[in-house]
Amino acid sequence: ALQVRTAHAPPLSVVAYSILLKAYGRWKDVKNVEMSILHAQRNHVVPDIVMANTVIDAYVNCGDVDKAREIFQIMTDESDAKGDAYWPLLRPNSRTFNTILKGMAETGDVSESMKLSKVIESKGLWDHVTTNTLVKAAVTAGGV
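In this report, the structure presented in the accompanying data block is examined.

What counts and what doesn't
Residues numbered from 1 in each chain as written. Predicted model: local features only at pLDDT ≥ 70, side-chain atom pairs only at ≥ 80, totals over all residues. Heavy atoms only, no water. Phe/Tyr/Trp six-rings, centres within 6.5 Å; stacked < 30°, edge-to-face > 60°. Buried < 20%, exposed > 50% of the residue type's maximum accessible area, 1.4 Å probe, protein only. Helix = DSSP H or I, 4+ residues; strand = E, 2+ residues; numbered from the N terminus. Axes fitted to C-alpha atoms, helices over the stretch in contact; angles between N-to-C directions. Parallel < 35°, antiparallel > 145°, perpendicular 65-115°, else oblique. Left-handed = near helix turned anticlockwise from the far one by under 90°. Contact = heavy atoms within 4.5 Å. Nonpolar A, V, L, I, M, F, W, Y, C, P; charged D, E, K, R; others polar. 1 Å grid on protein atoms, 1.4 Å probe; cavity = no way out; pocket = protein on both sides within 12 Å on 5 of 7 lines; lining within 4 Å. Points joined across faces, edges and corners; volume = space filled by probe spheres on them. Salt bridge = Lys/Arg side-chain N within 4 Å of Asp/Glu carboxyl O.

### Here we look at the packing of aromatic side chains
The description of an aromatic ring pair rests on the distance of the ring centres and on the angle between the ring planes.
Then, in step 1: According to the stated counting rule, one finds three aromatic pairs in the structure shown.
Then, in step 2: Summarising the aromatic geometry, the rings of Y24 and W27 are spaced 5.8 Å apart at their centres and angled 65 degrees between planes, so their arrangement reads as edge-to-face.
Then, in step 3: Y24 sits in the buried class, given a relative accessible area of 9%.
Then, in step 4: Between the aromatic rings of F72 and F97, the centroid separation amounts to 5.2 Å while the plane-to-plane angle is 80 degrees, which identifies the pairing as edge-to-face. On the criterion of sequence distance, the pair formed by F72 in helix α4 (residues 65-76) and F97 in helix α5 (residues 94-107) is long-range, its members being 25 residues apart. Considered together, F72 and F97 belong to a single accessibility category, that of buried residues.

### Quick look at the packing of helix α1 (residues 14-26) against helix α3 (residues 49-61)
Then, in step 1: Closest axis-to-axis distance for the α1/α3 pair is 8 Å, and the angle between their directions is 15 degrees. Relative to α3, the element α1 lies roughly parallel. At the point where α1 passes α3, the crossing takes the left-handed sense. On the side of α1, the interface is formed by V14, Y17, S18, L21, K22, G25 and R26, while α3 contributes V50, M51, T54, V55, D57, A58 and N61.
Then, in step 2: For the contact of α1 with α3, the per-class residue count stands at seven nonpolar, four polar and three charged.

### Regarding unusual backbone geometry
If a residue is not glycine, its phi is most likely negative; likewise, a peptide bond is most likely trans.
Then, in step 1: Phi angles above zero are rare outside glycine, and K28 is one such case at about 60 degrees.
Then, in step 2: Structurally, the position occupied by K28 is in the loop between α1 and α2 (30-42).
Then, in step 3: Despite not being glycine, H44 has its phi angle at roughly 55 degrees, a positive value.
Then, in step 4: With relative accessibility at 68%, the residue H44 sits in the exposed group.

### Regarding the side chain of T133
Then, in step 1: Relative to the assigned elements, T133 resides in helix α7 (residues 128-142).
Then, in step 2: Of the residues examined, T133 reaches a relative accessible area of 9% and is grouped as buried.
Then, in step 3: Among residues more than four places away in sequence, those in contact with T133 are N98, L101, K102 and A105.

### Observations regarding the layout of surface pockets
Then, in step 1: Of the volumes computed, that of the largest pocket is approximately 360 Å³.
Then, in step 2: F72, T76, P92, F97 and K123 are the residues nearest the centre of the largest pocket, which is lined by 19 residues in total.
Then, in step 3: Of all elements in the fold, only α4, α5 and α6 (110-122) reach the threshold of two or more residues within the lining of the largest pocket.
Then, in step 4: Here the lining of the largest pocket takes five residues from α4, the largest share from any one element.

### Focus: the pattern of salt bridges
Then, in step 1: If you walk through the whole model with that rule in mind, you get eight salt bridges.
Then, in step 2: Among the salt bridges present, the one from D57 reaches R95, with a minimum N-O distance of 3.9 Å. With D57 in helix α3 and R95 in helix α5, the pair connects residues that are 38 residues apart, well separated along the chain.
Then, in step 3: D57 sits in the buried class, given a relative accessible area of 4%.
Then, in step 4: Residue classification places R95 among the partly exposed positions, given a relative accessible area of 38%.
Then, in step 5: Residues K136 and E106 are paired through a salt bridge, measuring 3.6 Å at the closest nitrogen-oxygen approach. One end of the pair, K136, is in helix α7; the other, E106, is in helix α5, with 30 residues separating them in the sequence.
Then, in step 6: On the basis of relative accessibility, which here comes to 38%, the residue K136 falls in the partly exposed class.
Then, in step 7: When salt bridges that share partners are traced, they join K22, D57, R95 and K102 into one network.

Below you can see the structure in the form of C-alpha cells.
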C-alpha cells in the first residue's frame, strides 16, 4: 500500500498507519510492522495512544513480546518526561496494559503477569479483559 501511492496523494494520517499496523500484526508480518513504523517516523507522523496500542498489539501478535514491552516501557517511563525520540510519553490506558498482559499470557509468564496486574489495579484500570487475560496466563503456564 505504501509503495504504490502516487506523488500527489495526501500524506497518510496516524489513523491510516494504525490500520496498516493492525493488518500487518494480524498477518504476523513483523517486517512490514517495522517498515510502517519507519515510514511514519520519516513522514513525521506523531503517534497517539491508539497508534501506540496498535504497535504493541502488532508486536504481540507477531510473537515479539520483548519489542512490545520495550515500546510499553518507553511510554510509561516517568523518569524521562519526554519519552523516546519517536514514542512520546503517552498515558497508557486499559487497552495498553491488557495488550502487554496478553503478550505475557501467551508466553506463560505468570510472575510478570501478576506484577503487572497489581499495577493495573493500582491505576484503576482493571476490567473484565484483565481478568480473562490473567486466567489465560495461568492456563498457558499450567498447560491446561
